[in-house]
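Listed here are the chains, written in short residue letters.
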Amino acid sequence: MTSCFLFLQQKTEEYCKTGRNEIFIALTAPAFCPTGRRSGPVLPVPLLDIIMMPEAGPYHLLCRSASLFASRPWLRVLWLLLVGFSPLSLGTQPQPQSSLKIEGDITLGGLFPVHSRGPAGVPCGEIKREKGIHRLEAMMYALDQINSDPDLLPNITLGARILDTCSRDTYALEQSLTFVQALIQKDNSGVRCSNGEPPIIPKPERVVGVIGASGSSVSIMVANVLRLFAIPQISYASTAPELSDNSRYEFFSRVVPPDSYQAQAMLDIVKAMGWNYVSTLASEGNYGESGVDAFVQISREAGGLCIAQSIKIPREPRRGEFEKIIKRLMETSNARGVIIFANEDDIKRVLQAAKKANLTGHFLFVGSDSWGAKSSPIEDQEEVAEGAVTILPKRASIDGFDQYFTSRSLENNRRNIWFAEFWEDDFKCKLTRPGIKYDPDRRKCTGEERISRDSQYEQEGKVQFVIDAVYAMAHALHSMHMDLCPGSMGVCEKMDPVEGRMLLQYIRSVNFNGSAGTAVMFNENGDAPGRYDIFQYQMSNVSNPGYRVIGQWTNHLRLNLEEMQWSGGDRKIPESVCSFPCEPGERKKMVKGVPCCWHCELCDGYQFLLDEFTCDMCPFDMRPLKNRTGCRPTPIIKLEWSSPWAIIPVFLAILGILATTGVIATFVRFNDTPIVRASGRELSYVLLTGIFLIYLITFFMIAEPSAGVCTIRRLLLGLGMCISYAAMLTKTNRIYRIFEQGKKSVTPPKFISPTSQLIITFILILVQLLGVFVWFGVVPPHTTIDYDELKPPNPEFARGILKCDMSDLSLILCLSYSIVLMITCTVYAIKSRGVPETFNEAKPIGFTMYTTCIIWLAFVPIFFGTAQSTEKMFIQTTTLTVSMSLSATVSLGMLYIPKVYVIIFHPEQNVQKRKRSFKAVVQAATVSTRLSQKVNDKQNGESKMEPDRSQ
């Protein structure tokens with residue numbers, strides 16, 4: 001019968017004025033003329049342009065003119081749906097829709113991605129064996145089970161109208177408009193065929209609910225239309241969080257949990273593996289973009305994870321697009337983890353691009369439920385996919401479906417219009433079909449092939465949810481039938497037609513055990529509870545490479561890290577971090593704006609790691625540990641007796657003490673001999689005591705500091721030199737005064753007796769003692785540990801030095817009085833240089849003081865020049881003690897060794913000589929002085945005759 005396409009004009013102006021929620025579209029369904037002659041089309045002028053406006057209130061309908069056909073795809077879709085041909089090509093033949101029809105008392109709609117998305121300009125591509133045919137057959141299996149169940153919808157048969165979405169939301173929208181044809185109100189009173197007879201208009205089938213769709217973007221597009229006609233929808237795979245918005249998608253429900261749960265589960269997986277730097281990859285559309293958005297938002301709220309890059313895969317990718325995506329991912333190569341919310345076609349092409357770029361094993365994929373445990377996305381890309389962790393709503397393999405599906409054949413499954421195409425793809429053969437050119441390169445199908453026997457078969461992951469979705473609709477209809485049609489056999493008038501909003505209430509109230517034994521229920525937003533299985537694709541050390549369950553997530557993660565396996569069979573979890581952990585003793589210097597990235601900086605000098613971001617100085621008496629994670633006490637040292645810096649001073653001091661002791665013993669033994677008496681016994685013993693103390697101080701300067709040792713150091717350090725130089729000063733002063741007085745008169749000067757000399761000497765010594773005791777009162781002697789003196793840049797060599805509390809300045813002040821005495825003595829020695837050599841000790845004292853001055857002049861630059869040396873204390877102690885020992889040795893050697901030599905080895909010279917008066921002594925000294933002056937004048941060629949004043 002020839003169809004005649006007739007169109008009625010709807011008074012859209014009335015609708016626009018009244019603003020009612022009912023929808024009246026001035027389009028008719030195909031009509032058939034009794035005469036068989038096709039009628040010509042009659043176009044209305046104004047049409048209803050349906051535009052969904054996602055606002056707070058209900059979606060609004062805007063009235064537009066028919067001139068919007070070319071710019072509004074909605075009009076073309078509605079026209080194509082209701083008329084059968086494009087409004088922009090009226091002369092062409094209508095394109096028949098491909099759909100699967102199962103007769104029944106109540107019809108359910110079905111949307112499945114039987115085919116993949118086609119290339120540009122082509123809506124559909126290759127057939128999808130698992131995601132398409134398996135799921136479609138699962139719905140038909142569920143309908144068979146329900147229709148054969150006497151306790152569920154008894155005497156009511158469920159039928160179906162199943163459509164192919166071709167994995168494309170716009171195409172799915174065009175297809176799904178088939179479901180709303182019966183709900184469009186039409187005025188057919190003025191419809192006539194060309195011969196004037198009324199047409200025969202078949203009543204369109206009424207779809208009470210829709211099972212589907214698969215992709216979230218498809219479900220969102222379809223849900224916008226089904227909501228307008230109050231048709232409930234239950235999805236078996238759409239997980240976009242956006243669909244949880246009950247104000248916008250009130251008729252949408254799903255038996256799978258939303259991606260907000262999935263995103264939380266994936267975040268928990270990432271954190272459990274110790275990753276903090278990942279990239280995200282999403283297919284353009286609601287599913288991919290909303291999934292990634294949920295993941296990013298949850299990770300931001302939880303903290304501790306940074307997103308290196310968020311890349312979107314275009315809906316219609318250009319050539320080379322996936323190669324560019326891999327290059328972009330490699331710009332942040334440390335982010336090896338890739339969170340992927342994409343359809344399986346995009347997943348496969350991403351894996352192909354990674355393999356082409358020779359990056360097998362580099363990327364560590366964490367896939368959403370669109371990847372799940374499917375084999376199609378990883379086919380021929382197994383090495384790249386190895387180690388991929390995927391997530392899938394908790395499911396179980398339905399044994400009944402396996403028996404059903406593996407028994408399907410070309411003979412017993414003619415109701416599935418796409419089964420022949422599946423058969424060819426599954427068995428890699430070719431059927432002879434009308435209009436299909438035979439391909440000689442492919443073997444011919446025999447029809448005797450069997451699924452699972454002659455081809456690889458594994459139940460698709462969403463089969464359980466398809467069955468649960470169909471059963472949820474059936475249980476809702478059963479409850480509705482029990483309430484509205486009690487005792488009635490079949491569909492009663494109250495359920496003809498089924499009221500969509502009421503059916504939605506029954507759907508939200510269902511609670512039954514699903515095909516896997518788990519509870520099927522919905523919350524107020526139509527979402528199912530979150531229950532996920534976690535898989536990893538493994539190849540090595542597995543007899544059958546494939547997906548292995550490694551954990552579960554039900555509001556919290558249970559992940560078996562020991563069962564995880566990575567590329568090459570490695571059990572160690574690879575790292576996906578922006579910055580590797582800092583070494584011990586290194587602090588993190590954060591990269592601005594990227595909280596997971598940092599630079600590691602070593603805590604230098606005497607710093608230790610206070611926390612992971614801060615270095616702090618160790619206390620003054622401590623140094624950092626080798627790994628700088630804390631501080632340890634600085635070792636305390638002192639000058640050891642075994643040190644080379646101590647051995648030399650001690651050796652000199654021992655020799656000096658022995659020599660001094662020998663001189664004292666000799667003088668005591670020969671105390672009354674002329675040489676001893678002539679040297680001034682009293683002052684000689686005082687001077688020798690000072691020399692002995694100078695040698696003795698060396699041992700206290702090297703001994704371990706204590707309060708007692710420090711007291712002795714203060715007392716003896718300057719006392720020995722003070723005693724020595726006080727005695728020598730008294731001697732030189734006595735000699736100088738004697739001869740100066742002799743030039744003026746024969747009366748001897750005062751205070752030249754031995755007693756007077758001792759008193760003068762002790763007075764000079766008391767000044768030193770008074771200063772020392774005042775120092776004791778102001779600053780009592782005590783020890784201190786100097787941590788600053790030996791504190792080199794490398795803290796490993798830092799040492800605290802135990803020493804007496806004597807600074808360099810206090811040490812110099814302690815010796816300053818002795819130095820004054822030494823200088824004064826040197827001055828008198830210079831003034832007394834004219835005294836005859838045989839007279840007393842003037843010249844030996846002079847030479848002693850000259851040499852001593854040279855020694856101490858050398859001491860000053862050595863002592864202060866080593867202030868920056870790491871061994872300052874040792875060098876200064878050695879320099880001081882050696883200088884003091886040398887000055888004492890000079891005094892001992894110049895003044896007393898010759899006397900001892902004469903006393904011991906030439907006793908014949910140690911005899912009493914003729915005693916002379918003071919006047920004779922002075923005159924002899926004066927004559928000797930003048931003679932020596934004359935000799936000097938002759939040597940200079942300036943001899944003069946002078947009168948002899950001695951006569």
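Right above here is the structure, for reference.
Residue indices begin from 1 for each chain and proceed along its sequence in written order. Local features are withheld for residues below a pLDDT of 70 in this predicted model, meaning they are given only at 70 or higher, and side-chain atom pairs are given and counted only at 80 or more; totals for whole chains, interfaces and linings count all residues. The side-chain quantities take in all heavy atoms of the structure and omit both hydrogens and water.

Enquirer: Quick question: what am I supposed to make of the overall build of the protein here?
Expert: For the purposes of this entry, the term helix denotes a DSSP run of H or I that reaches at least four residues, the term strand denotes a run of E that reaches at least two, and both are numbered from the N terminus. Helices and strands together make up the secondary structure of the protein, namely 24 helices and 31 strands. Burial statistics for the protein: of 951 residues in total, 51% are counted as buried. Should any heavy atoms of two residues lie within 4.5 Å, those residues are counted as being in contact. Within the protein, contacts between residues separated by at least 24 positions form 68% of all contacts whose residues are at least 6 apart in sequence. Accessible surface, the protein: about 44400 Å² in total, of which carbon and sulfur atoms supply 55%. Categorising residues by exposure relies on relative accessible area from a 1.4 Å probe, with only protein chains included: less than 20% of the type maximum marks a residue as buried, more than 50% marks it as exposed, and the intermediate range marks it as partly exposed. Here, Shrake-Rupley sampling with a 1.4 Å probe gives the accessible areas, and only protein chains in the shown set may cover a residue.

Enquirer: Explain the nonpolar core here, please?
Expert: One broad trend across soluble globular proteins is that nonpolar side chains are buried collectively. Within the largest apolar cluster, 70 residues are counted, with the highest numbers of intra-cluster contacts made by Met-139, Leu-158, Phe-401, Leu-477 and Met-495. For this core, the element with the most residues is helix H13 (residues 463-484), which contributes 14 residues. Counting 55 residues, the second largest nonpolar core, distinct from the first, contains Ile-691, Tyr-725, Leu-764 and Cys-825. By convention a nonpolar core is built from buried Ala, Val, Leu, Ile, Met, Phe, Trp, Tyr and Cys residues, the set being connected through side-chain atoms within 4.5 Å.

Enquirer: Sorry, what's going on with the packing of helix H22 (residues 872-895) against helix H23 (residues 897-905) here?
Expert: Pairs of packed helices are described in terms of their axes, by the angle between the two and the distance that separates them. Between H22 and H23, whose axes approach to 3 Å, the crossing angle comes to 40°. Between H22 and H23, the interaxial angle falls into the category oblique. Contacts from Leu-892, Gly-893, Met-894 and Leu-895 in H22 reach Ile-897, Pro-898 and Lys-899 in H23. Under the scheme applied here, ten amino acids are nonpolar (Ala, Val, Leu, Ile, Met, Phe, Trp, Tyr, Cys and Pro), four are charged (Asp, Glu, Lys and Arg), and all others, including Gly, are polar. Of the residues that constitute the contact of H22 with H23, the class distribution is 5 nonpolar, 1 polar and 1 charged. Only C-alpha atoms enter the line fits that serve as axes; for helices the fit covers just the stretch in contact. Angles between N-to-C directions range over 0 to 180 degrees. The labels follow the angle: roughly parallel below 35 degrees, roughly antiparallel above 145, roughly perpendicular from 65 to 115, and oblique for the rest.

Enquirer: What is the right way to read the side chain of Lys-731 from this model?
Expert: Within the fold, Lys-731 resides in helix H18 (residues 707-744). Lys-731 gets classed as buried once you look at its relative accessible area, which sits at 7%. Residues adjacent in sequence count toward polar contacts only when both atoms are side-chain atoms; beyond that, a polar contact is any pair of N or O atoms within 3.5 Å, and within protein one must be able to donate a hydrogen and the other to accept it. A polar side-chain atom of Lys-731 sits 3.5 Å from a polar atom in the side chain of Ser-684.

Enquirer: Teacher, can you tell me more about empty space enclosed by the protein here?
Expert: To find leftover empty space, one rolls a probe the size of a water molecule over the atoms. Buriedness for pockets is judged along seven lines, at least five of which must meet protein on both sides within 12 Å for an open set on the 1 Å grid over protein atoms alone, while cavities are sets there where a 1.4 Å probe fits but cannot get out, and lining residues have an atom within 4 Å of a point. Grid points are joined across faces, edges and corners, and a volume is the space filled by probe spheres set on the points. Enumeration according to the criterion identifies 6 cavities of 30 Å³ or more in this entry. Approximately 380 Å³ is the volume attributed to the largest cavity. Contributing to the lining of the largest cavity are 28 residues, with Lys-131, Gly-215, Ser-216, Ser-217 and Asn-343 lying nearest its centre. Put simply, the parts of the chain that give the lining of the largest cavity at least two residues each are helix H3 (129-147), helix H5 (216-228) and helix H7 (286-302).

Enquirer: When you look at unusual backbone geometry in this model, what are you seeing that I'm missing?
Expert: When glycine is set aside, most residues are seen to have a negative phi, and most peptide bonds are trans. With omega at 0°, the peptide bond leading from Gly-212 into Ala-213 counts as cis. Within the secondary structure, Ala-213 sits in the loop between strand S10 (207-211) and H5. Positioned with a positive phi, Leu-153 is a non-glycine residue whose angle comes to about 50°. Here Leu-153 lies in the loop between H3 and strand S9 (158-164). For Leu-153, a relative accessible area of 2% gives the class buried.

Enquirer: Would you mind showing me how to read the side chain of Asp-468 here?
Expert: Looking at the secondary structure, you find Asp-468 in helix H13. Residues counted as positive are Lys and Arg, residues counted as negative are Asp and Glu, and His and the chain ends are not counted. We define a salt bridge as a contact between a side-chain nitrogen of Lys or Arg and a carboxyl oxygen of Asp or Glu at a distance within 4 Å. Although Asp-468 lies buried, it forms no salt bridge, and the closest oppositely charged side chain, Arg-531, sits 7.2 Å away as judged by the N-O distance. Setting aside anything within four residues of it in sequence, one finds Asp-468 in contact with Val-255, Phe-512, Gly-514, Ser-515 and Val-520.

Nothing here speaks to function; it is geometry throughout.
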